[in-house]
Structure formats: C-alpha cells, structure tokens
Amino acid sequence: DKFDLGSAEVTVLGPVEAYTEVNNTSLVLRIVYGRTSFLFTGDMEQEAEKALVASGRWLASTVLKVGHHGSDSSSSYAFLQAVRPRYAVISVGEDNEYGHPDAAVLRRLEDLGTVIYRTDMDGDILLTSNGQNVTFQTANAP
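Residues numbered from 1 in each chain as written. Predicted model: local features only at pLDDT ≥ 70, side-chain atom pairs only at ≥ 80, totals over all residues. Heavy atoms only, no water.

## Some thoughts on the sheet that holds strand S7 (residues 115–118)
Okay, so step 1: Spatially, 7 strands are ordered S1-S2-S3-S4-S5-S6-S7 in an open sheet, and the strand pairing comes out mixed. Only two strands of the sheet have a single partner each, and these edge strands are strand S1 (2–5) and S7. Here the average twist between neighbouring strands, direction ignored, is 20°.
Okay, so step 2: Alignment of strand S5 (residues 63–65) against strand S6 (residues 87–90), held across 3 bridges, turns out to be parallel. For Lys65, the partnering residue across the bridge sits in S6 and is Val89.
Okay, so step 3: Across the face of the sheet, helix H3 (residues 103–111) comes into contact with S6 and S7 while running at roughly 145° to S7. (Pairing = 2+ DSSP bridges. Helix = DSSP H or I, 4+ residues; strand = E, 2+ residues; numbered from the N terminus. Axes fitted to C-alpha atoms, helices over the stretch in contact; angles between N-to-C directions. Contact = heavy atoms within 4.5 Å.)

So, in structure tokens, the structure goes:
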C-alpha cells in the first residue's frame, strides 16, 4: 500500500509474510520526502529482514529507525547493506536490562559509515527534513 502524507509518500513494505514471532509482524514503513527517505522497522528481526530484502523492494534510505532497539536479533549485515542508511536512530532505554543496543549492531552500522543517534545517550531526537537534507536536534546536545 502507498498513501500520501502531506508532500511525503508512505509505502507499507512489510510484513512480507506471516510469522509466528510477533516481532516479525511489525509494520515496516518507508517514507519519502523529496530526496530524503526514512525506514521504520518496528521490532522486525532477521527472519523478516531476510524476506524483505528478498522481496526486491527498494530499501535504501537516508535514515533507519533501527529495529528492535538495536538487539542483535535485528539489523543483519545483509539488511543494513540493502538500506545503506546515512543516519541511524536507536530508541533504547538507558542501562536497560537487555543490554541494548548490541555491540555487534553498532559495529555493523559503523562499518557502513552510518552516523548513529541513540535515545539513551542523546535523549529525545527530533529529525527535520526539507526534502533535500535531514537535520537533527537532540535533548542532550552540547
């Protein structure tokens, strides 16, 4: 499905198939506004990522909201290579009991040269797009 959101276009990309793992049933949305794009993956894990990549959908996006709070069950290298995010946002609680985000996920993002924003370190994160560029404001900005 596709629909307009003001001047932006929202495409529902997933879930691609039926899953028993509830995290894989997360809605996956890609929003395009001008030359900028945003991919929201909810709690999607690697099984659903693999199916999404195999679907042939265009996933490349300026910003990736990292799946499942940066858990190692998400953000496989193959998925991140398909998305190639310039920026990643990880929504995660400070000192959470799960140890999110996982160090391996952070390394995979860093290997791609992705700039990482994290709510546990940056506080609230506000992204703004003018259709050409994305700017970030964080609660904990220096």
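Anyway, onward from the coordinates.
## Overview of the pattern of salt bridges
Okay, so step 1: Summed over all chains, the structure comprises 3 salt bridges.
Okay, so step 2: The closest approach of N and O atoms between Asp72 and Arg108, which form a salt bridge, is 2.8 Å. Taken together, the residues span a long stretch of sequence, with Asp72 in the loop between S5 and helix H2 (77–83) and Arg108 in helix H3 at a distance of 36 residues.
Okay, so step 3: Of the residues examined, Arg108 reaches a relative accessible area of 15% and is grouped as buried. (Salt bridge = Lys/Arg side-chain N within 4 Å of Asp/Glu carboxyl O. Buried < 20%, exposed > 50% of the residue type's maximum accessible area, 1.4 Å probe, protein only.)

## Points about the side chain of Asn24
Okay, so step 1: Secondary-structure assignment places Asn24 in the loop between strand S2 (8–14) and strand S3 (28–33).
Okay, so step 2: In this structure Asn24 touches Pro15, Tyr19, Met44, Glu45, Glu47 and Ala48, once residues within four positions along its chain are discounted.

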